[in-house]
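The chain contents come next:
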Amino acid sequence: MNWPAILLSLRLAATVCLLLLVIGAPLAYWIAFSARRWKFLVEAMVALPLVLPPTVLGYYMLVALGPRSPLGRLAESIFSTRLTFSFPGLVIASVLYSFPFAVQPMENAFSAVDRKLLDAAAVLGASGWRKFWTITLPLAKAGVITGAVLSFAHTVGEFGVVLMVGGNIPGVTQTISIAIYDEVQALDYTVAARTSALLLVFSFMTLAFVYGVNRRTSIWWSTPQST
């Protein structure tokens, strides 16, 4: 097992997951409840990584984060760090690439919340924040959990985007998927098989957890209706 690559992937996935919860949840809430006619453009931008080839997204991220770009020069002048071929660059690219996996489940969960409950809370004088924390978020928690888990798992298995932006630097930007590619190129099929099996089990457990959470939530909601 290439444990440095595995630990780096887990660290990257955890960082991306937390950032997407902070950034993605408010955006998903806005998409679910906004009446703006042009919000379909925002939805299209969020879903773009689903259809855009990873190498294309990685190329644009490489250009946008390069040392000659405004963002790259700003990072070097303020933080004295380069965004390309570094862990911060992997985080930025992975956040954009995993955006739909976090935002879309949250948006669907927020959209499913009964508006009558929110209207009743508003009549009773509840503020927007109180309605969100006491009604919307508890009812949509399955979608929030699903988005967090899927974004974490998706980041663990990234290849094209992280390779384009971070390269293949062991201990710095080499993730588990890139390590498997290197092992196959080196004809080390034994290690590649072990690492691939680990990812297979992890992916299955992730999906089983997501389906289990959604099924449990649907049963919880259907039980009161049947009584």
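Residues numbered from 1 in each chain as written. Predicted model: local features only at pLDDT ≥ 70, side-chain atom pairs only at ≥ 80, totals over all residues. Heavy atoms only, no water.

**Focus: the overall build of the chain**
Basically, it comes down to this: For the purposes of this entry, the term helix denotes a DSSP run of H or I that reaches at least four residues, the term strand denotes a run of E that reaches at least two, and both are numbered from the N terminus. The classification of residues rests on relative accessible area computed with a 1.4 Å probe and restricted to protein chains. Under 20% of the type maximum is buried, over 50% is exposed, and intermediate values are partly exposed.
Summing up its helical and strand segments, the chain has 12 helices and zero strands in all. Along its sequence from the N terminus, the chain presents helices and strands in the succession α-α-α-α-α-α-α-α-α-α-α-α. With respect to the principal axes defined by its C-alpha atoms, the chain has extents near 65 × 45 × 30 Å. Taken across its 227 residues, the chain has 39% of its residues classed as buried.

**Observations concerning the side chain of threonine 175**
Threshold: In this description, contact between two residues means that some pair of their heavy atoms is separated by no more than 4.5 Å.
Inspection of the secondary structure puts threonine 175 in the loop between α10 (160-166) and α11 (176-185). Accessibility expressed as a relative area gives 2% for threonine 175, which makes it buried. The residues contacting threonine 175, other than those within four sequence positions of it, are Ala5, Leu8, Ser9, Leu12, Glu158 and Val162.

**Looking at a nonpolar patch on the surface**
Note the following rule: Within the patch definition used here, like charges are joined within 9 Å and nonpolar side chains (Val, Leu, Ile, Met, Phe, Trp, Tyr) within 5 Å, considering only residues with over 30% relative accessible area and no salt bridge. To be clear on the numbers: accessible area is Shrake-Rupley with a 1.4 Å probe, and residue cover counts the displayed protein chains and nothing else. For this document, the term salt bridge refers to a Lys or Arg side-chain nitrogen within 4 Å of an Asp or Glu carboxyl oxygen.
Together, Met1, Trp3, Leu7, Leu10 and Leu198 line one region of the surface with nonpolar side chains, adding up to about 480 Å² of accessible area. In terms of residue count, helix α1 (residues 3-33) provides more of the nonpolar patch than any other element does, three residues in total. In this fold, leucine 7 is placed in helix α1. Classification of leucine 7 by relative accessible area gives exposed; the value is 54%.

**Some words on the packing of aromatic side chains**
Our working rule: Classification of ring pairs rests on two measures: the distance between centres of Phe, Tyr or Trp rings, Trp counted by its six-membered ring, which must be within 6.5 Å, and the angle between planes, read as stacked under 30 degrees, edge-to-face over 60 and tilted in between. In our convention, an over-ring charge means Lys NZ or Arg CZ found within 6 Å of a ring centre and within 35 degrees of that ring's normal.
Counting across every chain of the model gives 11 aromatic pairs. Members of the aromatic cluster, joined through ring pairs, are Tyr29, Phe33, Phe110, Trp129, Phe132 and Trp133. Over the ring of phenylalanine 87 we find arginine 11, and its NZ or CZ is 3.9 Å from the ring centre.

**Regarding the environment of leucine 137**
The residue leucine 137 is located in helix α8 (residues 128-139) in this model. The class of leucine 137 is partly exposed, set by a relative accessible area of 22%. Along the chain, leucine 137 and phenylalanine 110 lie 27 residues apart, while their C-alpha atoms are 7.8 Å from each other. In this structure, leucine 137 is in contact with Phe132 and Val144, ignoring residues within four places of it in sequence.

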